[in-house]
Amino acid sequence: MNVLVVDDDFMVAKLHSRYVTATAGFRVAGVAHSGADALSAAERLRPDLVLLDIYLPDMDGLAVLRELRVAEGLDAARPSADALFITAARDAGVVRAALRAGALHYLIKPFNQAALQEQLRHVAALRSRFDRLGEARQEDVDQIFGTRPPGSRELPKGLAAHTAELVERILREHGGDLSATECAEAGSLSRVSARRYLEYFVETGRVQVSLRYGGTGRPERRYRLAGGGLLGERRPSPEREAGRWAPS
């Protein structure tokens, strides 16, 4: 995905560009430091995603996004760019206005590389989902908009649906078993984060775990997608049924 980075601070823009470049599947198409430059660059480069600051020297980021949407509406052949706000603006009214303007998310500075990369992967997951969909079901819409009907089961606090989908996809594409470290490397996640999702899938029966014994130390936990069922559907794993579930 081609990304346009917009920030009035040259060093911050450079840092964010580095984060984007370090994320698999993303490249920096251009950098702008003002609203006018951002609109000009978007017209010229036609990015898939715009990382947009609120505070710009000539116009605020909300106005930039609104003008982008007007320009896209006037040109039927022009693809619509997604937008993520990355800003120090904390006013709830500004956040609400960003949502109404069509931003996918809003990251408050300062944030680390992992936080931005998670949102980039979320954008990629959304685009991939739309590409696969012909006709959307209500459950598809609920997942895209991050909502669930009353009574439905949500992921535990601290786990994100798009990261869970990423881990599941890694398991499915890998085919065999893999360790938390291997999963983390494949998804550009931390090992701790990858293991949390893998262990959650074990608990809910989506993943089977086996132990690989080495020469010394703890045995390595190896994870394999069990198959069947929907993400989040709770089915007791064989280890839990046997009363032996206990992460090492």
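Residues numbered from 1 in each chain as written. Predicted model: local features only at pLDDT ≥ 70, side-chain atom pairs only at ≥ 80, totals over all residues. Heavy atoms only, no water.

Some thoughts on empty space enclosed by the protein
Alright, step 1. Counted according to the given criterion, the structure contains 1 cavity of 30 Å³ or more.
Alright, step 2. Lining the largest cavity we find A42, R46, P47, L68, E72, R78, P79 and A81. (1 Å grid on protein atoms, 1.4 Å probe; cavity = no way out; pocket = protein on both sides within 12 Å on 5 of 7 lines; lining within 4 Å. Points joined across faces, edges and corners; volume = space filled by probe spheres on them.)

Observations concerning the side chain of D53
Alright, step 1. Here D53 shows up in the loop between strand 3 (49-52) and helix 3 (61-74).
Alright, step 2. Polar side-chain contacts of D53 include one of 3.4 Å to the side chain of K109.
Alright, step 3. Leaving out residues up to four positions away in the same chain, D53 has contacts with V6, D7, D8, G61, F85, I86, T87, A88 and K109. (Helix = DSSP H or I, 4+ residues; strand = E, 2+ residues; numbered from the N terminus. Polar contact = N/O pair within 3.5 Å; in protein donor to acceptor, adjacent residues only side chain to side chain. Contact = heavy atoms within 4.5 Å.)

A closer look at the sheet that holds strand 4 (residues 82-87)
Alright, step 1. One open sheet accounts for 5 strands, arranged 2-1-3-4-5; its pairing is parallel. Strand pairing shows two members of the sheet lacking a second neighbour, strand 2 (27-32) and strand 5 (105-108), which therefore form its edges. The average angle at which neighbouring strand axes cross in this sheet is 20 degrees, direction not considered.
Alright, step 2. Both strand 1 (residues 2-6) and strand 3 contribute to a ladder of 4 bridges, which runs parallel. Residue V3 lies in a different strand from strand 3, and its bridge partner there is L49.
Alright, step 3. Those strands touched by helix 1 (residues 10-21) are strand 1, strand 2, strand 3 and strand 4, and its axis lies near 165 degrees from that of strand 2. (Pairing = 2+ DSSP bridges. Axes fitted to C-alpha atoms, helices over the stretch in contact; angles between N-to-C directions.)

Describing the environment of L107
Alright, step 1. Of note, L107 is situated in strand 5.
Alright, step 2. The class for L107 is buried, based on a relative accessible area of 12%.
Alright, step 3. With 19 residues separating them along the chain, L107 and A88 place their C-alpha atoms 8.3 Å apart.
Alright, step 4. Among all residues touching L107, those that are not within four sequence positions of it are F85, I86, T87, A115, L116 and Q119. (Buried < 20%, exposed > 50% of the residue type's maximum accessible area, 1.4 Å probe, protein only.)

Shape is all these values report; function is a separate question.
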